[in-house]
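A look at the structure
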Amino acid sequence: MQTRTYPATDNFLSALLHRNSARLGPVFTYPDSFQLQIIYTRIDRDAQNQPHFRDYYYRVDTGHYFYPASTVKLPGAILALEKLNDLHIPGLDRNTPMFTECLHGITNSVLRDPSAPDSLPSIGHYINKVFLVSDNDAFNRLYEFIGQQAFNERLWQMGYSRAQIRTRTGTGYLPPDSGRHTNTIWFARNGQELYRQPAVYSHLAFAPRHDSAGRSHFRRHPNIPDELVPGAMDFSEKNRLTLPDVHMILKSIIFPDAVTKSHQFRLTEDDYRFLYHSLSRLPTETRYPAYDTSEFYPAYVKFLLFGGERGAEMPPYIRIFNKPGWAYGYLTDVAYIADFAHNIEFMLSATVYVNKGGNIDGRYEFNETGKPFMKALGQVIYEYELKRKRKYPANLARYK
């Protein structure tokens, strides 16, 4: 598959970043070492409030692999809602209780969810947990509902041909090809079964890859401690989602009427409003689940602009609709940022590799280096947007 690099639209973004290089710190000073990639989308509204976009790229290269981590949960949530719509079964919706059967050696059964209002699992509640705190188990239930083959074929159909969503997330050791197996799932309400999906094995053929990272890595074995071994870690059978693709996926949700039909998901207006609410809500703004706010504080998953800081001051008029991911030293955030007080909006996505030791061993500089860079980058773009003149003010009522 052909690699695509994204040359700068013009030198605007590069010049803006260089003017703020001291604030952006070592990540910007040594972008090669930190494998930095940035996409900024400037948005201007016309007299009818229709958005017009201009994309700016900094060092974006689809051939340079980064581990997408939890950013794959964004299309997972969307495709789960889309599948519910495609099934078109009366009474089956995102709030219908969903039950998952045990898949021996891979996952346990899920018949209850104490964090839900009725203690019953559902697609809607899983999606909320995915965006509130990037819950791995919640995504894995969505992945099993969608199925590996349908997940990838739908993304490929929409033009995301480089995407490979092959595995669950945050599982520890699982047998090879475990991502191809998905559980029996059924939906029932008031004792009446509405839909049953049998266990499935995906025979999908993926394009071969040769992705690796690190100087040493932990080799995992069942039932014994992880072993640190020399040599790069092989990522060729792990998930892949490029920064332009996940940026475009978010854009198609925030601006469904402004993208081509091929990039539109089969969602209802109610689905979009639910996603806006879930994407922007903070862990402190929900009773279900009721999170320990000392661990899951307001900015917990808001990296761009607020740095995921425990004590970050987050003005109530700024909302961030985003999905970050962090694992194996790769830190990524993809966001639409709206300021309702100043009628400002923009999209910003970035990925950075913060692994000073070079070993895939669980010791990375997410807090020391990665998140401070994300915060500074968001502030640089936000401050530019505050000063930028617009012919027409944006009406952002859709996202409130």
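Whatever comes next refers back to the structure up there.
Residues numbered from 1 in each chain as written. Predicted model: local features only at pLDDT ≥ 70, side-chain atom pairs only at ≥ 80, totals over all residues. Heavy atoms only, no water.

Here the focus is helix 2 (residues 21–29). Within helix 2, the full set of buried residues consists of Leu 24, Gly 25, Val 27 and Phe 28. For helix 2, the buried positions fall inside an angular range of 160° around the axis, keeping them on one side. The secondary structure elements touched by the buried residues of helix 2 are helix 1 (12–19), strand 3 (51–58), strand 16 (344–353) and helix 9 (366–387). (Buried < 20%, exposed > 50% of the residue type's maximum accessible area, 1.4 Å probe, protein only. Helix = DSSP H or I, 4+ residues; strand = E, 2+ residues; numbered from the N terminus. Arc of directions from axis to C-beta. Contact = heavy atoms within 4.5 Å.)

In this structure the tally under the stated criterion is 23 salt bridges. For Glu 144, the salt bridge goes to Arg 168, with nearest N and O atoms at 2.8 Å. With a gap of 24 residues between them, Glu 144 in helix 5 (residues 136–146) and Arg 168 in the loop between helix 6 (148–157) and strand 6 (181–182) connect regions that are remote in the sequence. The salt bridge involving Arg 196 is made with Glu 193; its shortest N-O contact spans 3.0 Å. Residue classification places Arg 196 among the partly exposed positions, given a relative accessible area of 40%. (Salt bridge = Lys/Arg side-chain N within 4 Å of Asp/Glu carboxyl O.)

Quick look at the side chain of Asp 339 now. Positionally, Asp 339 belongs in strand 15 (residues 330–339). The buried charged residue Asp 339 lacks any salt bridge, with Arg 390 as its nearest oppositely charged partner at 9.1 Å. In this structure the side chain of Asp 339 is engaged in a polar contact, spanning 2.9 Å, whose partner is the backbone nitrogen of Ala 341. At a separation of 2.6 Å, a polar atom in the side chain of Asp 339 contacts the side chain of Tyr 382. With residues up to four places along the chain from it excluded, the contact list for Asp 339 reads Tyr 317, Ile 318, Ile 344, Tyr 382, Leu 386 and Leu 396. (Lys, Arg positive; Asp, Glu negative; His and termini not counted. Polar contact = N/O pair within 3.5 Å; in protein donor to acceptor, adjacent residues only side chain to side chain.)

Now for the side chain of Asn 183. By secondary structure assignment, the location of Asn 183 is in the loop between strand 6 and strand 7 (185–189). A distance of 2.8 Å separates a polar side-chain atom of Asn 183 from the backbone oxygen of Glu 101. Polar side-chain contacts of Asn 183 include one of 3.4 Å to the side chain of Arg 168.

Burial of helix 5 is extensive: nine of the eleven residues sit out of reach of the surface. Three or more residues of helix 5 are buried, namely Ala 138, Phe 139, Asn 140, Arg 141, Leu 142, Tyr 143, Glu 144, Phe 145 and Ile 146. One side-chain oxygen at the N-terminal end of helix 5 lies 3.1 Å from the backbone nitrogen of Asp 137; it belongs to Asp 135. Downstream of helix 5 by a residue or two, Gly 147 has a phi angle that is positive, lying close to 90°.

Applying the stated criterion across every chain yields a total of 34 aromatic pairs. Seen from their ring centres, Tyr 143 and Phe 151 are 6.2 Å apart, and the 45° between their planes marks the pair as tilted. Across the pair, Phe 151 and Tyr 143 agree in class, each one buried. Aromatic ring contacts, followed pair by pair, group Phe 53, Phe 255, Tyr 272, Tyr 276, Phe 321, Tyr 336 and Tyr 399 into a single cluster. Cation over ring: Arg 166 sits above Phe 206, and NZ or CZ is 4.3 Å from the ring centre. (Phe/Tyr/Trp six-rings, centres within 6.5 Å; stacked < 30°, edge-to-face > 60°. Lys NZ or Arg CZ within 6 Å of the ring centre and 35° of its normal.)

The subject of this paragraph is the layout of surface pockets. Quantified by volume, the largest pocket comes out at close to 1,300 Å³. Among the elements of the structure, strand 11 (216–221), strand 13 (233–234) and strand 14 (318–327) are those that each provide at least two residues to the lining of the largest pocket. Tallied by class, residues from the lining of the largest pocket come to 18 nonpolar, 14 polar and twelve charged. (1 Å grid on protein atoms, 1.4 Å probe; cavity = no way out; pocket = protein on both sides within 12 Å on 5 of 7 lines; lining within 4 Å. Points joined across faces, edges and corners; volume = space filled by probe spheres on them. Nonpolar A, V, L, I, M, F, W, Y, C, P; charged D, E, K, R; others polar.)

A few words now on the pairing of strand 14. Looking down a regular strand, the side chains alternate between one sheet face and the other. Across the ten residues of strand 14, nine count as buried, placing the element largely inside the fold. Pairing of strand 14 with strand 15 involves ten bridges; the strand directions are antiparallel. Paired with Arg 319 across the bridge in strand 15 is Ala 338. Counting the residues in the hairpin turn of strand 14 and strand 15 gives two residues, including Tyr 328, whose phi is positive at 55°. (Pairing = 2+ DSSP bridges.)

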